[in-house]
Amino acid sequence: MGQIIAIDYGKARCGVAATDDMKIIASGLDTVETRFLMEFLKKYVVENRVEEVVVGLPTDLKGNASEVETDILGFIENFKKEFPQIEVHRFDERFTSKMASFFISQSGKSKKQRQQKGLIDKVSATIILQNFLEQRTR
């Protein structure tokens, strides 16, 4: 068995999360500057058995795509060229940043730690992945 990874894609940073090999639990991996994301993934995929990737689908409350969607589509196209054997899924990421901020605030982290955008991105990717896993089992 292999892992599923999730990416909360942003213009500056991307949060990355991964499942265990049994695809049961999502855990935050890292926050990576967007310009280094493909380099990070190349290394990660070589060291781990990644079978699928979930990329957040950013929309507003009316279902309209956000402005970063064009960048995401370009990333997905490049990802599929680099890793044609890995299946790519999209998953609605509405409210994940707000949920991540709430969970972080409840975790006992200091105010300075809670305000780190990278932590929010990593937790958001974890939420996207856990929600994806839960939807699959329904």
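Details of the structure are given in the entry above.
Residues numbered from 1 in each chain as written. Predicted model: local features only at pLDDT ≥ 70, side-chain atom pairs only at ≥ 80, totals over all residues. Heavy atoms only, no water.

### What to know about the side chain of Thr-126
Summarising the element assignment, Thr-126 is placed in helix H5 (residues 117-136). With residues up to four places along the chain from it excluded, the contact list for Thr-126 reads Ala-17, Ala-26, Ser-27 and Gly-28. (Helix = DSSP H or I, 4+ residues; strand = E, 2+ residues; numbered from the N terminus. Contact = heavy atoms within 4.5 Å.)

### Quick word on the pattern of salt bridges
Going through the model one piece at a time under the given rule, you end up with 11 salt bridges. Across the salt bridge formed by Lys-23 and Glu-52, the nearest N and O atoms sit 3.7 Å from each other. Placement of the pair is Lys-23 in the loop between strand S2 (13-19) and strand S3 (26-33) and Glu-52 in strand S4 (residues 50-57), with a sequence separation of 29 residues. The exposure class assigned to Glu-52 is buried, which follows from its relative accessible area of 6%. Between Glu-52 and Arg-136 there is a salt bridge; the shortest N-O distance is 2.9 Å. A residue pair is termed long-range when its members are at least 10 positions apart, and Glu-52 in strand S4 and Arg-136 in helix H5 qualify at 84 residues. Each member of the salt-bridge network shares a partner with another, and the members are Lys-23, Glu-51, Glu-52 and Arg-136. (Salt bridge = Lys/Arg side-chain N within 4 Å of Asp/Glu carboxyl O. Buried < 20%, exposed > 50% of the residue type's maximum accessible area, 1.4 Å probe, protein only.)

### Focus on the packing of aromatic side chains
Both the distance between ring centres and the angle between the ring planes are used here to describe each pair of aromatic rings. Following the criterion strictly, the structure yields five aromatic pairs and no others. Relative to Tyr-44, the ring of Phe-40 has its centre 6.2 Å away and its plane inclined at 15 degrees; by these criteria the two rings are stacked. Here Phe-40 and its partner Tyr-44 are both found in helix H1 (residues 37-47), four residues apart, which amounts to about one turn of the helix. A relative accessible area of 21% places Phe-40 in the partly exposed class. Assessed through its relative accessible area of 11%, Tyr-44 is described here as buried. Residues Phe-91 and Phe-132 carry aromatic rings whose centres are separated by 5.9 Å and whose planes lie at 90 degrees to one another, so their mutual orientation is edge-to-face. Of this pair, Phe-91 sits in strand S5 (residues 87-92) while Phe-132 sits in helix H5; the two residues are 41 residues apart in sequence, bridging distant segments of the chain. Note on Phe-132: relative accessible area 7%, which makes it buried. (Phe/Tyr/Trp six-rings, centres within 6.5 Å; stacked < 30°, edge-to-face > 60°.)

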